[in-house]
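# Topology and contacts: notes
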Amino acid sequence: MITGFITTPEIAEQVNAAVAQAFTVRNLPQFWALGSMPIYTGEHAGKVFLPADEQILNTPLRENPPVTPQDFPEFEQLVSLLGGLEARQQIDPAVLKDPVIPDPEPQPEPEPEPEQ
Amino acid sequence: MILASSNVSGFMVGGQTASGIYLGSTKVWQSFDPDALAYIAAIEAQGATVTGAQKTAISDFVAAEKAASRWTGLKRFYLPVWGIAAANAICMKSLTSGTFSGGVTHAAGYVEYNGTSGSFNANATAIFSDADNANYGFLAKTPSTIAFSSYADFSDAASICAASDPSTDILLGINTNDFGLLVSSPFAGGIVACDITSGPARKYYIRTNAGGNQVGTDNTALYSSTAAAAFPQLIASSVSVVSASDYQMGALWAATSYTNELPAFTLNIKTLWETVTNLTLP
């Protein structure tokens, strides 16, 4: 199971755009994003999952000692858009897998080349 | 300055790009490659702590790649060993920044994807114009314990794909719809490189601590998909998830084809990573 926010694609887009803006207003490249993953199956199919467990929210971003996403003034506002940290849910990551894309299948091994 | 001939055994410039000044075999002055210095400055500006030994290792790597005429062909090279996202996201060659998202641990010596949501996007677009002239690979400190697959679109012409099944190991290929089986025994980690030249001719090379081995030139199509997907070793501008990996990554790159240079190239990467991290390649 993984922890994060479940929301609509529209709100997810707003949140990710706000995260991106937090970098641009500081003249920084966007080296970190919350990300969003479409939910393909299950009761939340059609919605979007924003991964947000404690490890993600405490990612060391930059500076020494490093600041984390929770250290940014924008953090509380963004989290409130999603209903607060208590609104996070746990889901089975299997619902995030696109059912259209097949899994790789093993093939017979080729003849190895001589060691160089 | 006068050097007494009785106590100076020699004077020479080390390396093909003047990496330093030596008295005999002892280096007494370190010259740093300017591109290496630019990278070091960029990561230090983001908070990375880079020791003198690490700076030397980075400079030696760049100098060696230039001496071997491989530096120009290197499009993206990431060394995510600094423990912080901003520094880890900086490309040593282009100084552009990629984007980490989701569950990625930034440890000393590597980044670790959590197997579900972690990814890295190099934000690179159209860095290749020829689908039959590319090299792509990564350094895995540990192998993936779960099956994963990822594509990387370098341009409209080329896709680079990586997949792994713990029971059948890494499969790596270049070009949409083309996969080749890389190894048959469980992949325990190491440097994995895939190279394609016109023909098409595909080579797969693995370097571990025990040595290097070109393991095959297979062009067998494994499976096809029209969806470009990458997760976690993503070097592309737009991708969709197929399935995620949980391995520890110490380096990641994309380059033009290195043809017969894979042993030397991967050895240089091994030396760089091991010296910078004080870890040992599996």
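Here the structure is a predicted model, which means the values were calculated and not measured.

### Digging into the pattern of salt bridges
This model, assessed by the stated rule, comprises nine salt bridges over all chains. A salt bridge links Glu 54 of chain A to Arg 88 of chain A, with the nearest nitrogen and oxygen atoms 2.8 Å apart. Of the two residues, Glu 54 of chain A is situated in helix H2 (residues 54-57) and Arg 88 of chain A in the loop between helix H3 (74-81) and strand S5 (89-91); the sequence distance between them amounts to 34 residues. For Asp 33 of chain B, the salt bridge is made with Lys 66 of chain B, and the minimal N-O distance between the two is 2.9 Å.

### Some words on the packing of helix H1 (residues 34-45) of chain B against helix H2 (residues 52-67) of chain B
Residue and element names in this part refer to chain B. Packing of H1 against H2 leaves a shortest axis separation of 8 Å and a crossing angle of 140 degrees. Between H1 and H2, the angle is such that the two are oblique. Between H1 and H2 the crossing geometry is right-handed. Contacts from Asp 35, Ala 36, Tyr 39, Ile 40 and Glu 44 of H1 reach H2 at Lys 55, Ile 58, Ser 59, Val 62 and Lys 66.

### A word on the nonpolar core
The biggest cluster of nonpolar side chains holds 40 residues, and the ones touching the most others in it are Phe 31, Trp 32 and Leu 50 of chain A together with Phe 100, Tyr 113 and Phe 120 of chain B. Elements represented by at least two residues in this core include exactly helix H1 (9-24), strand S4 (48-51), H2 and H3 of chain A together with helix H3 (85-88), strand S7 (110-113), strand S9 (134-142) and strand S18 (248-255) of chain B. Among the elements that take part in this core, H1 of chain A stands out by supplying four residues, more than any other. Residues in contact with Phe 31 of chain A, not counting those within four places in the same chain, are Phe 23, Leu 61 and Arg 62 of chain A together with Gln 46, Ala 85, Ala 86, Ala 89, Ser 97, Gly 98, Thr 99 and Phe 100 of chain B. One finds Ile 43, Val 50, Phe 77 and Trp 273 of chain B within the second-largest nonpolar core, a separate group that totals 35 residues.

### As for the pairing of strand S2 (residues 20-23) of chain B
Residue and element names in this part refer to chain B. Residues of S2 alternate between two faces, with Gly 20 and Tyr 22 buried on one and Ile 21 and Leu 23 left unburied on the opposite face. As paired strands, S2 and strand S3 (residues 26-30) are joined by four bridges and run antiparallel to one another. By the bridge assignment, Leu 23 is partnered in S3 with Thr 26.

### Focus: H3 of chain A
Residues and elements named next belong to chain A. Among the residues of H3, Phe 75, Leu 78 and Val 79 are the ones counted as buried. The arc enclosing the buried residues of H3, seen along the axis, measures out at 100 degrees, which places them on a common side. What points out from H3, more than 90 degrees from its buried face, is the exposed set Glu 76 and Gln 77. A positive backbone phi angle near 100 degrees is found at Gly 83, which sits one or two residues after H3.

### Some details on unusual backbone geometry
In the segment running from Asn 64 of chain A into Pro 65 of chain A, the intervening peptide bond is cis, with an omega of 0 degrees. Unlike most non-glycine residues, Glu 63 of chain A shows phi in positive territory, near 70 degrees. Here Glu 63 of chain A is to be found in the loop between H2 and H3. For Asn 278 of chain B, which is not glycine, the phi torsion reads 60 degrees and is therefore positive. Its location among the elements puts Asn 278 of chain B in the segment after helix H4 (262-277).

### A word on the packing of H1 of chain A against H3 of chain A
All names here are of chain A. Interhelical geometry of H1 versus H3 gives an angle of 175 degrees and a closest axis separation of 10 Å. Between H1 and H3, the crossing angle belongs to the class labelled roughly antiparallel. Across the interface between the two elements, Ile 11, Val 15, Ala 18, Val 19 and Ala 22 from H1 touch Glu 74, Leu 78 and Leu 81 from H3. Along the lines of polarity and charge, the residues of the contact of H1 with H3 split into seven nonpolar, no polar and one charged.

### A few points about the pairing of S18 of chain B
Residues and elements named next belong to chain B. With eight of eight residues buried, S18 lies mostly within the body of the structure. Where S7 and S18 come together, two bridges link them in antiparallel fashion. Bridge pairing links Val 111 to Met 249 in S18. Relative to S18, S9 runs antiparallel, the two being bridged by seven bridges. By the bridge assignment for S18, Ala 140 is matched with Met 249.

### Section: the environment of Asn 133 of chain B
Summarising the element assignment, Asn 133 of chain B is placed in the loop between strand S8 (119-121) and S9. Sequence spacing of Asn 133 of chain B and Tyr 258 of chain B is 125 residues, and the spatial spacing of their C-alpha atoms is 8.5 Å.

### Points about the packing of aromatic side chains
Residues and elements named next belong to chain B. Tallying each qualifying case throughout the model produces six aromatic pairs over all chains. Ring geometry for Tyr 78 versus Phe 120: centroids 4.9 Å apart, planes at 75 degrees, classification edge-to-face. Here Tyr 78 is found in strand S4 (residues 74-78), whereas its partner Phe 120 is found in strand S8, with 42 residues between them in sequence. The two residues Tyr 78 and Phe 120 agree in class, both being buried.

The rules behind each value
- Residues numbered from 1 in each chain as written.
- Chains lettered and ligands numbered in written order.
- Predicted model: local features only at pLDDT ≥ 70, side-chain atom pairs only at ≥ 80, totals over all residues.
- Heavy atoms only, no water.
- Salt bridge = Lys/Arg side-chain N within 4 Å of Asp/Glu carboxyl O.
- Helix = DSSP H or I, 4+ residues; strand = E, 2+ residues; numbered from the N terminus.
- Axes fitted to C-alpha atoms, helices over the stretch in contact; angles between N-to-C directions.
- Parallel < 35°, antiparallel > 145°, perpendicular 65-115°, else oblique.
- Left-handed = near helix turned anticlockwise from the far one by under 90°.
- Contact = heavy atoms within 4.5 Å.
- Core = buried A, V, L, I, M, F, W, Y, C linked by side-chain atoms within 4.5 Å.
- Buried < 20%, exposed > 50% of the residue type's maximum accessible area, 1.4 Å probe, protein only.
- Pairing = 2+ DSSP bridges.
- Arc of directions from axis to C-beta.
- Nonpolar A, V, L, I, M, F, W, Y, C, P; charged D, E, K, R; others polar.
- Phe/Tyr/Trp six-rings, centres within 6.5 Å; stacked < 30°, edge-to-face > 60°.

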